[in-house]
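Below, each chain spelled out in residue letters.
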Amino acid sequence: MGHRSSASDDLDPRARQLLRTLIGRYIRDGEPVGSQTLARHAGLAVSPATIRNILSDLEDAGLLSAPHTSAGRVPTAQGYRLFVDSLLQVKPLPDGELARLRGELPAGSGTQALLGSTSELLSAMTHFVGVVSLPRREQFAFRRIDFVPLDAQRVLAILVFADNEVQNRIIQTRRPFDAGELEQVANYLNSQFAGRALADIRGSLLHELKSARSEMESLLAHSVELAEQVLVPGQDDMLLAGQTRLMGVQDLADLDRLRELFEAFARKREILQLLERTIQAPGVRIFIGEETGLAPLEGMSLVTAPYVAAGQVLGVLGVIGPSRMAYDRVIPVVQAAADVLGDALSPDPG
């Protein structure tokens with residue numbers, strides 16, 4: 001990170017002002033910006049020749065590039081990075097938009113519904129792709145469990161979580177269990193562990209098995225065997241909304257680029273790993289172009305923030321769009337969505 005801030009320290013105030021104006025106009029209009037335009041709009045009392053010299057220095061520093069077909073210049077990924085880190089003025093989200101988020105993400109709506117609404121809202125409010133990583137289920141407290149025998153060695157486990165989500169998991173058992181044994185195990189797990197997170201339960205069961213008395217041992221051993229399979233982490237996944245909005249983005253008119261991007265969305269894995277990288281960092285993080293480490297996201301940016309409920313980071317949400325995005329609009333939307341979603345998922349203190 002260090003070299004990025006030093007690049008901005010090297011720029012004198014005029015160069016900073018020109019770069020800020022150029023990137024602002026390019027984000028707004030999508031056209032390379034020339035020195036005449038800057039002379040009119042940068043609010044600097046300097047000659048066009050001086051402006052051309054400064055632009056040339058900014059290009060040498062790798063912050064701007066000049067497309068061959070035009071006299072103007074456009075920002076590079078490094079130029080956007082410096083803009084976002086030290087030239088951008090972000091305003092809080094307007095009250096109306098905050099009210100919209102709160103209205104459409106009400107507490108108590110069930111986790112899955114809230115996450116789906118969040119990805120849709122992020123897309124609708126920014127006109128780019130909204131993305132939300134699903135919380136790992138083992139972070140949630142479970143409310144109760146039931147087992148239903150399906151056939152000789154397959155059992156359906158029905159898990160109800162504290163946030164009212166229900167998951168069904170089919171497990172292969174090493175030996176047949178009859179309905180009575182399954183009921184005994186379910187009663188034991190429900191009486192001992194309701195209200196605790198799945199991740200804790202397996203460890204506790206194994207610990208109790210080690211110190212068990214013999215009459216408890218078979219129940220515990222059965223509980224461990226079933227719990228080991230049921231309480232494994234589920235599939236990590238994420239929700240995406242608004243991919244088709246990218247088809248209207250002029251910077252992405254190239255069909256091959258779009259196809260690569262849509263394939264990356266369909267695979268999800270790399271984008272999910274990218275989101276996971278930000279899960280421990282509080283606040284908004286921005287990846288520009290190659291900083292994502294994903295070739296299909298060249299020319300794209302990802303703006304993310306973790307969402308937190310009851311002091312626990314549950315996942316990450318964000319927006320994927322062209323690097324030529326209005327960061328001053330997108331950043332507050334992402335931050336506010338993370339705050340509102342976290343509030344909606346937090347257990348009601350009452």
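What counts and how
- Residues numbered from 1 in each chain as written.
- Predicted model: local features only at pLDDT ≥ 70, side-chain atom pairs only at ≥ 80, totals over all residues.
- Heavy atoms only, no water.
- Salt bridge = Lys/Arg side-chain N within 4 Å of Asp/Glu carboxyl O.
- Helix = DSSP H or I, 4+ residues; strand = E, 2+ residues; numbered from the N terminus.
- Buried < 20%, exposed > 50% of the residue type's maximum accessible area, 1.4 Å probe, protein only.
- Domains from an automatic or database assignment.
- Pairing = 2+ DSSP bridges.
- Axes fitted to C-alpha atoms, helices over the stretch in contact; angles between N-to-C directions.
- Contact = heavy atoms within 4.5 Å.

Re the pattern of salt bridges
Scanning the entire structure with this criterion turns up 13 salt bridges. Of the charged contacts in the structure, one is a salt bridge between Arg28 and Asp29, with a shortest N-O distance of 3.1 Å. One salt bridge connects Glu97 with Arg329, and the closest N-O pair in it is separated by 3.5 Å. You can see Glu97 sitting in helix 6 (residues 95-104) and its partner Arg329 sitting in helix 13 (residues 327-345), a full 232 residues away along the chain. For Arg329, a relative accessible area of 33% puts it in the partly exposed group. A single salt-bridge network, built from bridges that share partners, covers Arg25, Arg28 and Asp29.

Quick look at the domain arrangement of the protein chain
When cut into domains, the protein chain gives domain 1 (13-87), domain 2 (112-136 + 264-345) and domain 3 (139-217). Here the C-alpha centroids of domain 1 and domain 3 sit 62 Å apart.

A look at the sheet that holds strand 4 (residues 142-151)
Pairing is antiparallel across the open sheet formed by 3 strands, whose spatial order is 4-5-6. At either margin of the open sheet sits one strand with a lone partner, and together these are strand 4 and strand 6 (166-172). Along the sheet, successive strands turn relative to each other by an average axial angle of 20°, direction set aside. In the sheet, strand 4 pairs with strand 5 (residues 154-161) via 8 bridges, with the strands oriented antiparallel. Its bridge partner lying in strand 5, Ile145 is registered against Leu159. Where helix 8 (residues 179-193) meets the sheet, it contacts strand 4 and strand 5, and its direction lies at approximately 170° from that of strand 4.

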